[in-house]
Structures are given as structure tokens and as C-alpha cells.
Amino acid sequence: MTQLKALIIDDEPDICELLELTLQRMDIDTQSAGSVADAQRLIEANQYHLCLTDMRLPDGNGIDLVKLMQAKHPDVPVAVITAHGNMDTAVEAMKAGAFDFVSKPVDLAALRKLVSAAVQSSRLPDSSSQPRSSRLIGNSKAIQNLEISIRKLARSQAPVYIAGESGSGKELVARSIHELGPRAHGPFIPVNCGAIPSELMESEFFGHKKGSFTGAHQDKQGLFQAAEGGTLFLDEVADLPLEMQVKLLRAIQEKAVRPVGASAEIKTDVRILSATHKDLAKEVDKGHFRQDLFYRLNVIQLSVPPLRERKEDLPLLAQHILRKLAQEVGVPMPEISADAMEQLRHYEFPGNVRELENILERAFTLCEGNVIKGRDLQLHVTPQPIAAPVKRPAEAGKTDHYARSKEYSSLDEYLAEIERDVILGALETVRWNKTVAARELGITFRSLRYRLQKLGLETD
């Protein structure tokens, strides 16, 4: 295996010596420079696997070197050394392309973790030639561009804010960044910030000590500890209450957490990815989200395109979804007829890929002959209001429901079909929100669940 080689840039001899000794004990050869000019000469003449640079140098700053390495050797990770508490500088460096940062006075344990991650990153395949390996499905230009960004961001440790509409696949993007990067061996911990009760948030994120509050019968590990060495994905981060935003900001800045009831902080090694379907910048303007936390989370922003902007991916997506559904129940994968695919292409998908999954799961259940037809998609079915009975001659009724009922083997079967159409129409109108559908139909939620089960339409 090629001997690892690192470049250290710092004008303080004591810091240089400390960094050299630490890296040499990790079996990494080192070279040192005391200025930007010296570093440039060494970079021209040598190949390095990683670079550590101080931010303040006699003839420039570390960001100049970050930009130089990005231009000449974009796959070589560069970590910057900042003054304690100077997070603005660290964020600026990571926006320029820095791999990560370490604060003075240098914590050797944190430095060794950073260097180990940087070494793993330097051994990843060249991002420009790496074959497709993310979780995303599709060949559209939008997806190709997104995958290029994912591969590039996977090599970094910078926080990434993933923007996109509900159901567009933000968690898949986060998982892909994790799995293609140096933390792939570590845990990926997703958390829906809007699903945690506010009174339990601090304990959930940071853990607690036994006896720290009523009901704390034993020590509990928090999400940061659970994600140690890996990635913590904060989904729907805009739903965090302001009080928790302050505590999260400190945890990110200090790379440490204090469990509830503990007397000391615990150092953490976690990469933060976050997402929300809301416009986080607008939430900041409204005063609902702290600007300083937004600045820390939004070091790099990645936008996930909605499904309506990549309709050419529909055949591949549909095939993938249907194959998965068929494998789950052990039946052959159904085909999609031309008219069904045409309907999908003309539909706007306000719920994005998640809505496509719901539509195809329903069609998979309703289709006959293992072929999904346009009518099975139920894209344009709307519930009809239940009108008051109209008095009419007895013979007139025979040409309507009575005549149609003769197409079925029994009256019960015909009535069940009517009930199925009305319920499916109501659910489609409210995008399968069962609580709202029950209210629109004038029945209880429990009654709707019972009817769905009776008709074989219950999906969860």
C-alpha cells in the first residue's frame, strides 16, 4: 500500500511539531511549510493524501490554500485549524471546500479522528470517474447533476442542508451522502425533529443520567452518541422549538454534548445533515428559526428536484416500485399499460415520489390480469356528495342501479363496489389522509379503518 503523506502548514513551530508527531504515530509521513508561498512550492512538487493548514499565515490565510487544492487536487482533503470559538472562519473554509476543521488548542483525540476520516476520504475513488452508486433512481439530467453533487459532498465533513418538497427523496439523498463517504462504516441515524415531544427533546438528542428527572430510571444514550463516528440526519429541522435550537447550535459548534443531569460534556464525532420541506430562509425571516443555527447547518445547500421536473424518470421509478411491491408478496411484477403511463406523465405529483408509491401500491392491489391500466391509477376520481333521495317512478330506477346490479353476482357485491369507489375517491382527494377522509365522508376514523379492512384496502 502507498505510504500516506501529509502537508502541514503553520507558522508556529510548536503546533507544527505537535501535528507532525501525531501524524507520524499514525504512520503518516509529513512535510511542513510556514507560509502560503512555501506550501504552494511543495504542492507543485509533491503528491499528498491530506493537508492540515492554519487559518492565519504570514502571507495569506488557510482559505487561499483550500481554494488552491480544490483547483489542483480536488480529491485531497484539506482540514483547517482555527482559533477557539471562531466558527465563522470554520464555516467560511468549509464553504470554500475544506474537509473539516479543528480548533486550537488542538484536542489530539479529535485530531486523530479527523485524520482517520480524511485518510479514508483520500482513498475513495476519484469523484469524477466514480460509477453511479447512490440510492437514486433515474437517468434525467436533474438526477445526474444531483448524483455528481452527492459524490462530491460525500468526501467532505461539512454540514449539508438538503432542500426539497415533501416526498421528493431528501432522506435517500442524505443516506447516499453517508454511504458514499468515509463515514459509511459508521451509523446513519435519521430523526424526525417534528415527531419528538418538546419536553423530551433534550433527553432524546443528548441523553440523560439516571435520576436526572422523574422517570429516568437508567442512563440513556442520546442521538448524538448513537451517531458517533457516523451521520446524524435531522429531518424537518424547521420544526425544532427555539429553545432546542440554541442547545443544538452549541452541540454543533463545540462538537460536544452534555446529557441531562451530567456534570461534564462528552466529545462527539458526528456529521450533521439536515432537511425540511419548508423554506428555511423564510422561517429565519419570520423569526421561527435562529439565523446563527441556519448559518451553521446551511454550510452547503443541496436541492432535490420535484418529480414533476424529471418526468422522464417515471418508467424507471415505476418499475422499481412495482418490483419491490411484487417481491414483498411473492407475485410476478405487473406491467403498466401505455394509457396508464400516459396518465402518470400528465399528472403533476404534488406529493412527489412518495405519492407515486401510494398510487402504484393502490393500483397494484386493484389491477386485474397483472396489468395496471389507467382506471387502476384512480388519478382523477373525486368523491360525489351524497344527495338526498329523489322521488321518481319505480320503472325509472330499474334503468339505473337496479340494471347495473345485475352485472354482479349479488347485491352485496354491487354495494361493496359502490362503497369502494366512494372511499377511494375521498382518499385520493385528500392524498390518502385517512383522518381527513373520514371527516369528509361523515364517518369515524375507526369506521373508515374497518371499511378499508373489509374491502381489502388497508395498507398499514
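Remember, it's a predicted structure, so these values are computed and weren't measured experimentally.

Draft legend 1. Quick look at helix H19 (residues 434–441). If you check which residues of H19 are buried, you get Lys434, Ala437 and Ala438. Viewed along the axis of H19, the buried residues span an arc of 100°, placing them on a single side of the element. Away from the buried face of H19 by more than 90 degrees, exposed residues Arg439 and Glu440 are located. Put simply, asparagine 433 is the residue that caps the front of H19, since its side-chain oxygen is 3.2 Å from the backbone nitrogen of threonine 435. Of the residues flanking the end of H19, it is glycine 442, one or two places downstream, whose phi is positive at about 75°.

Draft legend 2. Examining the side chain of threonine 22 more closely. Note that threonine 22 resides in helix H1 (residues 13–25). Take threonine 22: its relative accessible area is 6%, and that puts it in the buried class. Residues within four places of threonine 22 in sequence aside, it is in contact with Leu108, Leu111 and Arg112.

Draft legend 3. Focus on helix H5 (residues 108–122). The end-to-end C-alpha distance of H5 is 21 Å, a good match for the 21 Å that 15 residues give at a rise of 1.5 Å each. For H5, the complete set of buried residues consists of Leu111, Leu114, Val115, Ala117, Ala118, Val119, Ser121 and Ser122. Summarising the contacts, the buried residues of H5 are in contact with H1, strand E3 (50–54), strand E6 (78–82) and strand E7 (100–103).

Draft legend 4. Representation of the pattern of salt bridges in the model. Evaluation of the coordinates by the stated rule reveals 23 salt bridges. We note a salt bridge from glutamate 12 to lysine 104, for which the minimum N-O separation is 3.2 Å. Of this pair, glutamate 12 sits in the loop between strand E1 (5–9) and H1 while lysine 104 sits in the loop between E7 and H5, placing them 92 residues apart in sequence. Of the residues examined, glutamate 12 reaches a relative accessible area of 37% and is grouped as partly exposed. Of the charged contacts in the structure, one is a salt bridge between aspartate 100 and lysine 255, with a shortest N-O distance of 3.3 Å. A residue pair is termed long-range when its members are at least 10 positions apart, and aspartate 100 in strand E7 and lysine 255 in the loop between helix H10 (242–254) and strand E11 (256–257) qualify at 155 residues. Exposure remark for lysine 255: the relative accessible area of 27% places this residue in the partly exposed category.

Draft legend 5. Looking closely at the packing of helix H13 (residues 314–329) against helix H15 (residues 352–366). Interaxial distance between H13 and H15 falls to 10 Å at its minimum, and their mutual angle equals 50°. Relative to H15, the element H13 is oriented oblique. Classified by chirality, the crossing of H15 by H13 is right-handed. Each of Leu314, Leu317, Ala318, Ile321, Leu322, Leu325, Ala326 and Val329 in H13 lies in contact with H15, whose residues at this interface are Val353, Leu356, Glu357, Leu360, Glu361 and Phe364. Along the lines of polarity and charge, the residues of the contact of H13 with H15 split into 12 nonpolar, no polar and two charged.

Reading the values: the criteria
Residues numbered from 1 in each chain as written. Predicted model: local features only at pLDDT ≥ 70, side-chain atom pairs only at ≥ 80, totals over all residues. Heavy atoms only, no water. Buried < 20%, exposed > 50% of the residue type's maximum accessible area, 1.4 Å probe, protein only. Helix = DSSP H or I, 4+ residues; strand = E, 2+ residues; numbered from the N terminus. Arc of directions from axis to C-beta. Polar contact = N/O pair within 3.5 Å; in protein donor to acceptor, adjacent residues only side chain to side chain. Contact = heavy atoms within 4.5 Å. Expected span 1.5 Å × (residues − 1). Salt bridge = Lys/Arg side-chain N within 4 Å of Asp/Glu carboxyl O. Axes fitted to C-alpha atoms, helices over the stretch in contact; angles between N-to-C directions. Parallel < 35°, antiparallel > 145°, perpendicular 65-115°, else oblique. Left-handed = near helix turned anticlockwise from the far one by under 90°. Nonpolar A, V, L, I, M, F, W, Y, C, P; charged D, E, K, R; others polar.

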